[in-house]
Amino acid sequence: METKLFINKVFEVAKNMNLEEFEIYFVASENETIKVFKGDVDTYSSSQNMGISFRTKVDGKMGYSYTESLEEEDILPLIERALSNGKVIENLDVIETYGDKSEYKKIDSFNPNLDQISVEDKINFLLKLEKTAFELDSRVKSVNYCMLGSGAGENIIKNSKGLDLYHKGNSIYAYIAVVVQDGESIKNDSAYIVTRNFSHMDPVKLATDAVNKALNKLNSISIESKTYNVIIQNDTFADLLGSMSGIFSAEAVQKGVSKLKGKINELIANPLVTIVDNPHLKDGYGSSPFDAEGVPTQCKNLIENGILKTYIHNLKTAKKDNVKTTGNASKGGYKGTMGISTFNLYLENGKTSFEDLLGKLDNGILITGFSGLHSGLNSISGDFSLATEGFLVENGKITKSLNQITAAGNFFELLKDIECIGNDLKFNLSSVGSPSILVKNISVSS
């Protein structure tokens, strides 16, 4: 059955059953991935994922169910499973659906031209990307990853309080990782681009970025283990910020697993620091007019001039705190339960160029990559001890690459120790962004 027709039929059946309160949530996605290796297509995969979840109140409790089959005979079982599940819920949290009359920001997240890019064009892009990497320098020994992925998704929310919302988006990305060798010195690095415009993807520029980054690491040196002032490069700090983003969740605060509990309107970072969650960011890959509960999204400063201004809420956590939701409800697909997440999270740009940032550092370390964020970072305490890549900075100039080093510190202390912020804001593949930052007192061991 056609999706919209199925949703309307579910709605009519649920309405005729005089259910207390109900919501239909539809999500569909299409993804395509291509990898090339040594001039041949190594992997091609294409997948589609689609389903509908249904939730309804039963004696004040919210029951959930879902289906991947959109046939007429699936409608009644879908509703009855939600009713049955609701009856066994023991959690006393009050969960409601959204129905306020609201204005929704128009967000353009879909480029129809992306659908017209042929598989052949994508393969030719990858072949040129890989070939260029090898041609740039004889020290390029292998291209470990040369891949392109594209995806599109759409979302519908319709409920008994009059909500009827639709949004769709798409994007495309390319990623290359190279290995270079000079004598006994072997290094690797990578580059990526994510966009909604295929013409913005330049294989020569992407290959050059990856190869130059890897070549710059050759013939690295060791350094003395001690505390250094450092610059953390934009996308590297974005990765760290993304790994710590859960601290802003009101659910984490209410469960006592966020150190930000009780610190609203307190100074928790250098006054230079403003951290924003902007669901309306132009060309942002997490942009959306509404959250997973249908609440209008809003741009908000989580930290403003160093002061914690808000946690991020869904309807349940907002009701617990007796505040308005921030429109940050999220679901990991139609099977997922309701959670909380950011849309486009970033540290706001400063005014200092990267070159001037190096000048301000004078002597120290440029950190260009963290590894092991999943195991070397405690997202509750903020303590981290991470395998790190970087360069020695002497007299304001990048001079030598460093052998594998370990950087250790605490994320919350790091926010206070930021001394200058660059103007080179860059987003990673997870819709988290940052400019480069100058930080004092990071422990580095070699």
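All figures in this text were calculated on a predicted structure; none of them were measured in a lab.

1. Concerning the environment of phenylalanine 354
Next, step 1: Considering the arrangement of structural elements, one finds phenylalanine 354 in helix α8 (residues 354–361).
Next, step 2: For phenylalanine 354 and isoleucine 380, which are 26 residues apart along the polypeptide, the C-alpha to C-alpha distance reads 31 Å.
Next, step 3: Apart from the residues lying within four places of it in its own chain, the contact partners of phenylalanine 354 are Ile231, Leu366, Ile398, Asn423, Asp424 and Ser436.

2. Here's the deal with the sheet that holds strand β9 (residues 300–304)
Next, step 1: Pairing within the open sheet is mixed, and its 6 strands lie in the order β10-β9-β8-β13-β20-β19. Of all strands in the sheet, those bounded by a partner on one side alone are β10 (307–308) and β19 (426–427).
Next, step 2: Direction of pairing for strand β13 (residues 345–347) relative to strand β20 (residues 432–434): parallel, over a ladder of 2 bridges. Pairing of tyrosine 346 across the sheet is with glycine 433, part of β20.
Next, step 3: Strands β8 (275–277), β13, β19 and β20 of the sheet are contacted by helix α5 (residues 234–243), whose axis makes an angle of about 135° with β20.

3. Some thoughts on the UniProt feature "domain: Metalloprotease TldD/E central" (unreviewed entry) in the protein
Next, step 1: According to UniProt, the positions carrying the feature "domain: Metalloprotease TldD/E central" (unreviewed entry) are residues 113–218.
Next, step 2: Annotated as residues 113–218, this span is 29% helix and 47% strand, and its ends, taken at the C-alpha atoms, are 41 Å apart.

4. Remarks on the sheet that holds strand β6 (residues 185–195)
Next, step 1: Here 6 strands make up an open sheet; going across it, the order is β3-β2-β1-β4-β5-β6 and the pairing antiparallel. If you trace the sheet from one side to the other, it starts and ends with β3 (61–67) and β6, each paired once. Pairs of neighbouring strands in the sheet enclose a mean axial angle of 20°, with direction left out of account.
Next, step 2: Two strands pair when backbone bridges link them, and strand β5 (residues 164–182) and β6 are joined in this way by 11 bridges, in the antiparallel orientation. Paired with tyrosine 175 across the two strands is tyrosine 192, which belongs to β6.

Conventions and cut-offs
Residues numbered from 1 in each chain as written. Predicted model: local features only at pLDDT ≥ 70, side-chain atom pairs only at ≥ 80, totals over all residues. Heavy atoms only, no water. Helix = DSSP H or I, 4+ residues; strand = E, 2+ residues; numbered from the N terminus. Contact = heavy atoms within 4.5 Å. Pairing = 2+ DSSP bridges. Axes fitted to C-alpha atoms, helices over the stretch in contact; angles between N-to-C directions. UniProt positions renumbered as here; feature names shortened; annotations may be inferred.

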